[in-house]
Amino acid sequence: TPARTFYDEVGGAETFRRLTAVFYREVARDEVLRPLYPEEDLGPAERRMRMFLEQYWGGPRTYSDERGHPRLRMRHNPFRVGPIERDAWLRCMHTAIASIDDDTLDAPHRQALIDYMEMAAQSMMNSPI
Ligand code: HEM
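Fair warning: this is a prediction, and the values are worked out from it, not measured in the lab. (Residues numbered from 1 in each chain as written. Predicted model: local features only at pLDDT ≥ 70, side-chain atom pairs only at ≥ 80, totals over all residues. Heavy atoms only, no water.)

### A look at the packing of aromatic side chains
This model, assessed by the stated rule, comprises 10 aromatic pairs. Ring centres 5.9 Å apart and planes at 85 degrees place the aromatic pair Tyr 24 and Tyr 37 in the edge-to-face group. Taken together, the residues Tyr 24 in helix H2 (residues 12-28) and Tyr 37 in the loop between H2 and helix H3 (43-56) connect sequence positions 13 residues apart. A residue is classified by how much of its surface remains accessible, and Tyr 37, at 21% relative accessible area, is partly exposed. Pairing Trp 57 with Tyr 116 gives two aromatic rings, centres 5.4 Å apart and planes at 80 degrees, and the pair type is edge-to-face. (Phe/Tyr/Trp six-rings, centres within 6.5 Å; stacked < 30°, edge-to-face > 60°. Helix = DSSP H or I, 4+ residues; strand = E, 2+ residues; numbered from the N terminus. Buried < 20%, exposed > 50% of the residue type's maximum accessible area, 1.4 Å probe, protein only.)

Have a look at this one:
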């Protein structure tokens with residue numbers, strides 16, 4: 001049997017569904033981020049983020065089956081990601097992570113998720129302002 005992954009340990013699909021649902025609920029009401037999203041419907045963006053995170057943490061590889069190599073920095077080139085956008089993105093993500101209960105996400109798993117998101121948001125920056 002395959003090794004148990006982080007994805008399994010934190011509750012699998014249901015946890016990533018809840019995480020991205022809260023994240024995009026926050027994006028929808030964020031005045032910095034909302035204008036960056038080209039589509040009226042945030043549903044497709046939410047699904048891409050969910051698939052990416054599930055794959056990154058050892059879940060199904062649907063993201064790459066549909067989208068190929070993530071190349072996330074390249075995919076963010078059309079949008080200016082400076083410190084204001086980074087901080088807005090992280091605020092939404094921290095709210096999303098905080099919404100997951102302690103039974104689902106214990107302290108070490110919670111910290112691993114936070115550390116990754118902070119690193120990823122930092123590395124997505126493509127503008128000093
Ligand atoms: C796509 C903004 C950071 C993962 C997008 C899109 C925008 C955006 C506007 C296009 C929406 C769409 O998919 O239709 C930002 C901003 C960030 C940020 C302002 C600030 C730091 C991140 C980070 C990650 C991430 C840190 C991963 C941990 C993704 C993914 C997509 C995406 C997976 C879809 C890529 C695809 O087309 O397959 N982002 N993003 N983003 N973002 Fe971000």
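### Describing the coordination of the iron atom of the ligand
Protein coordination of the iron atom of the ligand rests on one atom only, His 76 (NE2), at 2.0 Å. Turning to its location among the elements, His 76 is positioned in the loop between helix H5 (72-75) and helix H6 (83-98). (Donors = N, O, S within 2.8 Å, 3.2 Å for Na, K, Ca; no water.)

### Brief notes about the packing of H2 against H6
Contact geometry of H2 with H6 gives a least axis separation of 8 Å together with a crossing angle of 140 degrees. Taken together, the axes of H2 and H6 lie oblique to each other. For the element pair H2 and H6, the recorded crossing hand is right-handed. Contacts between H2 and H6 involve Leu 19, Val 22, Phe 23, Arg 25, Glu 26 and Val 27 from the first element and Trp 89, Arg 91, Cys 92, Met 93, Thr 95, Ala 96 and Ile 97 from the second. In terms of residue class, the contact of H2 with H6 is built from 9 nonpolar, 1 polar and 3 charged. (Axes fitted to C-alpha atoms, helices over the stretch in contact; angles between N-to-C directions. Parallel < 35°, antiparallel > 145°, perpendicular 65-115°, else oblique. Left-handed = near helix turned anticlockwise from the far one by under 90°. Contact = heavy atoms within 4.5 Å. Nonpolar A, V, L, I, M, F, W, Y, C, P; charged D, E, K, R; others polar.)

### Observations concerning the confidence of the model for the protein chain
Summarising the model, the protein chain shows a mean pLDDT of 97, and 100% of its residues fall at 70 or more. Under the prediction, the complex receives an ipTM of 0.92, its pTM being 0.95. (pLDDT = per-residue confidence, 0-100.)

### So, unusual backbone geometry
In the Ramachandran plot, Arg 71 falls in the positive-phi region, its phi being about 40 degrees despite a non-glycine side chain. With respect to the helices, strands and loops of the structure, Arg 71 is situated in the loop between helix H4 (62-67) and H5.

### A few points about the site of the ligand
Lining the immediate surroundings of the ligand are 21 residues, of which Arg 48, Tyr 63, Arg 67, His 76 and Trp 89 lie closest. Within the contact set of the ligand, an oxygen atom lies 2.5 Å away from a side-chain nitrogen or oxygen of Tyr 63. A distance of 2.5 Å separates an oxygen atom of the ligand from a polar side-chain atom of Arg 67. Looking at the shell around the ligand, the elements with two or more residues in it are H3, H4, H5, H6 and helix H7 (107-123). For the shell around the ligand, the element with the most residues is H3, which contributes 4 residues. Taken together, the residues that form the shell around the ligand break down as 15 nonpolar, 1 polar and 5 charged. (Near = heavy atom within 4 Å. Polar contact = N/O pair within 3.5 Å; in protein donor to acceptor, adjacent residues only side chain to side chain.)

### A look at H2
For H2, with 17 residues, the first-to-last C-alpha span of 25 Å sits near the 24 Å given by 1.5 Å per residue. Taken as a whole, H2 has its buried residues at Gly 12, Thr 15, Phe 16, Leu 19, Thr 20, Val 22, Phe 23, Tyr 24, Glu 26 and Val 27. Considering only its buried residues, H2 is in contact with helix H1 (6-9), H3 and H6. (Expected span 1.5 Å × (residues − 1).)

### Quick look at the environment of Pro 2
With respect to the helices and strands, Pro 2 occurs in the segment before H1. Distance in space between the C-alpha atoms of Pro 2 and Ser 127 is 41 Å, their sequence separation being 125 residues.

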